[in-house]
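Examining the three-dimensional arrangement
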Amino acid sequence: MRYRVSHAAGALAALALPSVSSATLLYVTSYPPPGTPSGTLTTLNLTIPGYSAGSLQSIATSTECGAYPSWLTLVGSNLYCLDEAWNEPANGSLVSFQITDGKLSLLDKVTTIGGPVSSVVYGADGHGLAVADYGASGFNTFNIANPADIVPIQTSVWDLPQDQKDRNSERQKSPHPHQAILDPTGQFVLVPDLGFDRVHVFAVDRNNLKYTEQYPLLINPGSGPRHGVFVVAGTKILFYVIAELTNQIFGYDVLYMADGTLIFKQVWTSSTHGLNGTVPAGASGGEIAVSPDNKFLIVSSRGEASLSINNWDVANSTKLPSDPLITFKIDFETGALDPVQTFAAGGLVPRHFSINKDGTLVASAAQQDGRVAIISRDPASGVLKEYVANIALASNVNFVIFAE
């Protein structure tokens, strides 16, 4: 299938609209503007009235997450925020908030081992939270049964072997765990490590929340695995990894063994632009996500400025540069990725994006532009359609999720 390249920035197509007159909340993190001591956690209200363009408004903000808020995990009426504390003397923090009509009230704040960038809920009743610490080269877990009294459980820290070869001398001076991912069975947490070219594998006890480290999934040297995602097709489970440094996507069949371990059989390798796609110089793989129906994979590529969009200011005819979101259809039998579409992410450096639960909307966080763009999506074809709404925030938007 050939690519379809979209540069749209007009009125919303009726085909991809959610229900008439709908509203939802989103939560966004932003690094601080220069000279500002703290980043911002923002609550946005998205309203789509009828079949016209929607509106995206800030209804609450908080600076209590810390200097560099980096990742959010929503658990019922509680929101957990990681403060990466980039270039700060502090280790970084895990911060819990109570949500009331989108407003956030601080509940607890505990120290992590350093530079936390991703977290995921695990365990019975969702009482465990696993955290990947990029800056400290480690992984730690917490008991969040009481969100007002977070309790540390375990910690692991890694060192690079002295004889590690073919690594990126600038970006791989030490291990850099970049994400925590729960497998579909809830038995394992996986942690892609950008600095160590591997995905750490932890078997987790759903009851006592303790983990046991297993043999890792080894990735090509120098590739820099950043994030990953599981895909479930009946009884078959696939796992895809996006490599930041080499702009590649790796796909694996996941085999669950009788002895309680995982085996990964590699079934796919391509660039972030597809099997025969060309990646522009200076690009950097960003986020990877699977659609709610598990049929489509979307990745973001940063640093390309390969597309252009209409100016958000309708009175200004100057086009704006944008990096892409790239959609693939997943072949469940082979694990192959068939390119569907390349669509402008709504700005530069789409560090993160998320898909709503019914697959009709994508929220894109353009870090360099400090903007969140909401894009309509056709769940059946996987095609991104039009920009529904957008908002410019203070600076360095890096994470956005729907409150679902």
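What follows concerns the state of the cysteines. A covalent bond bridging the sulfur atoms of two cysteines is what the word disulfide describes. Inspection of the entire model under this criterion finds one disulfide. Note on cysteine connectivity: Cys-65 is disulfide-linked to Cys-81, with sulfurs 2.1 Å apart. On the sign convention where negative is left-handed, the bridge of Cys-65 and Cys-81, at about -95 degrees about the S-S bond, is left-handed. In this pair, Cys-65 is assigned in the loop between strand E4 (55-62) and strand E5 (69-75) and Cys-81 in strand E6 (residues 78-83), connecting sequence segments 16 residues apart. Its relative accessible area of 0% is what places Cys-81 among the buried residues.

Quick look at the layout of surface pockets now. Volume-wise, the largest pocket comes out at about 1200 Å³. In terms of lining residues, the largest pocket is bounded by 35 residues, among which Trp-71, Val-120, Ser-354, Ile-355 and Ile-401 are the most central. Every element with two or more residues in the lining of the largest pocket is listed here: E5, strand E9 (116-122), strand E13 (181-182), strand E17 (225-233), strand E21 (284-290), strand E27 (350-355) and strand E31 (397-402). When the residues that make up the lining of the largest pocket are grouped by side-chain class, the tally is 22 nonpolar, nine polar and four charged. Considering only enclosed or pocket space, the second largest pocket measures out at about 320 Å³ in volume. Tallied by class, the residues present in the lining of the second largest pocket amount to five nonpolar, two polar and six charged.

Pairing of strand E7 (residues 93-100) with strand E8 (residues 103-111), which is carried by eight bridges, proceeds in the antiparallel orientation. Among the inter-strand pairings, Ser-96 is bridged to a residue of E8, identified as Asp-108. Between E7 and the antiparallel strand that follows it, E8, lie two residues; Asp-101 among them carries a positive phi value of about 50 degrees.

Bringing empty space enclosed by the protein into the picture now. Within this structure, the stated rule accounts for one cavity of 30 Å³ or more. When its volume is computed, the largest cavity comes out at roughly 60 Å³. As for the largest cavity, its lining consists of Ser-70, Trp-71, Val-117, His-178, Arg-226, His-227, Arg-351, His-352, Asn-398 and Phe-399. Taken together, the elements giving at least two residues each to the lining of the largest cavity come down to E5, E17, E27 and E31. In the lining of the largest cavity, the residues fall into three nonpolar, five polar and two charged.

This part takes up the nonpolar core. Ranked by size, the top nonpolar core spans 22 residues in total, and within it Leu-72, Leu-79, Leu-94 and Phe-97 carry the most contacts. Mapped by element, the contributors of at least two residues to this core are E5, E6, E7, E8, strand E10 (128-133) and E31. Setting aside chain neighbours within four positions, we find Phe-97 in contact with Leu-41, Ser-62, Glu-64, Cys-65, Ser-77, Asn-78, Leu-79, Cys-81, Leu-104, Ser-105, Leu-106 and Leu-107.

On average, residues of the protein chain score 92 in pLDDT, and 93% of them reach the 70 mark or higher. Across residues 1-21 the pLDDT falls below 50, and counting only partners more than four positions away or on other chains, this stretch makes 65 contacts in the model.

Pairing of side chains with opposite charge becomes possible as their charged atoms draw close. Tallied over the entire structure, the rule returns four salt bridges. The shortest N-O distance in the salt bridge between Lys-236 and Asp-253 comes to 3.6 Å. In this pair, Lys-236 is assigned in strand E18 (residues 236-243) and Asp-253 in strand E19 (residues 248-256), connecting sequence segments 17 residues apart. Overall, the relative accessible area of 24% leaves Lys-236 in the partly exposed class. On the accessibility criterion, Asp-253 (14% relative accessible area) is buried. Taking the shortest distance from any N to any O, the salt bridge between Glu-244 and Arg-302 comes out at 3.4 Å. With a gap of 58 residues between them, Glu-244 in the loop between E18 and E19 and Arg-302 in strand E22 (residues 296-302) connect regions that are remote in the sequence. Its relative accessible area of 6% is what places Glu-244 among the buried residues.

Right, let's talk about the side chain of Glu-244 for a bit. There is a polar contact of 3.1 Å between the side chain of Glu-244 and the side chain of Arg-171. Only 3.4 Å separates the side chain of Glu-244 from the side chain of Arg-302, close enough to count as a polar contact. If near-sequence neighbours (up to four positions away) are discounted, Glu-244 is found in contact with Arg-171, His-178, Leu-194, Ser-223, Gly-224, Arg-226, Ser-284, Gly-285 and Arg-302.

A few words now on the side chain of Gln-214. Here Gln-214 is to be found in strand E16 (residues 211-218). Judged by relative accessible area, Gln-214 falls into the buried class, the value being 19%. A polar contact of 3.0 Å, which involves the side chain of Gln-214, links it to the backbone oxygen of Gly-260. In this structure Gln-214 touches Phe-188, Val-201, Ala-203, Gly-260, Thr-261 and Leu-262, once residues within four positions along its chain are discounted.

Here the focus is the sheet that holds E13. Each strand in a sheet pairs with its neighbour through backbone hydrogen bonds, running either in the same direction (parallel) or in the opposite one (antiparallel). Ordered in space as E13-E14-E15-E16, the four strands form an open sheet in which the pairing is antiparallel. The sheet terminates laterally at E13 and E16, the two strands that pair on one side only. Relative to E16, strand E15 (residues 198-204) runs antiparallel, the two being bridged by six bridges. Among the inter-strand pairings, Arg-198 is bridged to a residue of E16, identified as Leu-218.

Cut-offs and rules
- Residues numbered from 1 in each chain as written.
- Predicted model: local features only at pLDDT ≥ 70, side-chain atom pairs only at ≥ 80, totals over all residues.
- Heavy atoms only, no water.
- Disulfide = S-S within 2.5 Å.
- Helix = DSSP H or I, 4+ residues; strand = E, 2+ residues; numbered from the N terminus.
- Buried < 20%, exposed > 50% of the residue type's maximum accessible area, 1.4 Å probe, protein only.
- 1 Å grid on protein atoms, 1.4 Å probe; cavity = no way out; pocket = protein on both sides within 12 Å on 5 of 7 lines; lining within 4 Å.
- Points joined across faces, edges and corners; volume = space filled by probe spheres on them.
- Nonpolar A, V, L, I, M, F, W, Y, C, P; charged D, E, K, R; others polar.
- Pairing = 2+ DSSP bridges.
- Core = buried A, V, L, I, M, F, W, Y, C linked by side-chain atoms within 4.5 Å.
- Contact = heavy atoms within 4.5 Å.
- pLDDT = per-residue confidence, 0-100.
- Salt bridge = Lys/Arg side-chain N within 4 Å of Asp/Glu carboxyl O.
- Polar contact = N/O pair within 3.5 Å; in protein donor to acceptor, adjacent residues only side chain to side chain.

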